[in-house]
Amino acid sequence: TYDPQYHTEQKAREDAELIYRKGQGKLGTDEKSIFKTICASPPEHILNINKIYTDKYDVTLKKAVEKELSGKVRDGCLHLVGMKLKPFETIAKLVDKACVGIGTDELLLTCTIIRYQHVMKEVMSAHIELFGKTIHDRVREETSGPYKTVLLT
């Protein structure tokens, strides 16, 4: 939870510096420290860290994570940063990821639609902006039968 008395500009500077020191600023990356800092930071604080990090190091927090982390830690951290900075775009990209390429990742598509039903209106707008089509269009193109009917309900 965001606490303005704790999540100050100074704390954001300290966290931005810590993320840099544990990643770009050293040989080898301390993935655990970076992930822990991002996990523990509420969205408002991540916004402040990102601004300070970008201003000071001329690279966004997301780009730093892409460059410095790898594997599942990288994927999880990128998703977490995305959900804290741009949640609706991040969810829309999950729908795209489920549908892109040969075959549909039905588990990812189903979980995404069910899990984020409460913000689907905002996700739909982000999806249209990013990909030029609605999630309903995506589901109609990618699925069939009773599964399609359930997702479109």
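Notes on the structure follow. (Residues numbered from 1 in each chain as written. Predicted model: local features only at pLDDT ≥ 70, side-chain atom pairs only at ≥ 80, totals over all residues. Heavy atoms only, no water.)

1. Regarding unusual backbone geometry
Our working rule: For helices the rule is a DSSP run of H or I covering at least 4 residues; for strands it is a run of E covering at least 2, with both sets numbered from the N terminus onward.
Although it is not a glycine, aspartate 58 adopts a positive phi angle of roughly 60°. Take aspartate 58: it is sitting in the loop between α3 (43-57) and α4 (61-68).

2. Describing the environment of valine 81
Here is the rule: A simple rule labels every residue: compare its accessible area, found with a 1.4 Å probe on the protein chains alone, to the largest value its type can have, and call it buried under 20%, exposed over 50%, or partly exposed in between.
Tracing the backbone shows valine 81 in helix α5 (residues 71-85). Look at valine 81 and you get buried, because its relative accessible area is 1%. A sequence separation of 45 residues divides valine 81 from alanine 126, and the C-alpha atoms of the two residues are 17 Å apart.

3. Brief notes about the packing of aromatic side chains
Inclusion rule: Each aromatic pair joins two rings of Phe, Tyr and Trp (for Trp, the six-membered one) with centres within 6.5 Å, and gets the label stacked for planes under 30 degrees apart, edge-to-face for over 60, and tilted for any other angle. Two limits define a charge over a ring: the Lys NZ or Arg CZ must be within 6 Å of the ring centre, and within 35 degrees of the ring normal.
Counted by the stated rule, this structure contains three aromatic pairs. Between the aromatic rings of tyrosine 20 and tyrosine 53, the centroid separation amounts to 6.5 Å while the plane-to-plane angle is 55°, which identifies the pairing as tilted. Taken as a pair, tyrosine 20 in helix α1 (residues 9-22) and tyrosine 53 in helix α3 lie far apart in primary sequence, 33 residues in all. Under the relative-accessibility criterion, tyrosine 20 is labelled partly exposed at 26%. On the numbers, 4.9 Å between centres and 55° between planes, the contact of tyrosine 53 with tyrosine 57 is tilted. With a gap of four residues between them, tyrosine 53 and tyrosine 57 both fall in helix α3, about one helical turn apart. With a relative accessible area of 18%, tyrosine 57 lands in the buried category. One aromatic cluster is present, formed by Tyr20, Tyr53 and Tyr57 through successive ring pairs. In this structure, arginine 138 is placed above the aromatic ring of phenylalanine 131, and the distance from its NZ or CZ to the ring centre is 5.5 Å.

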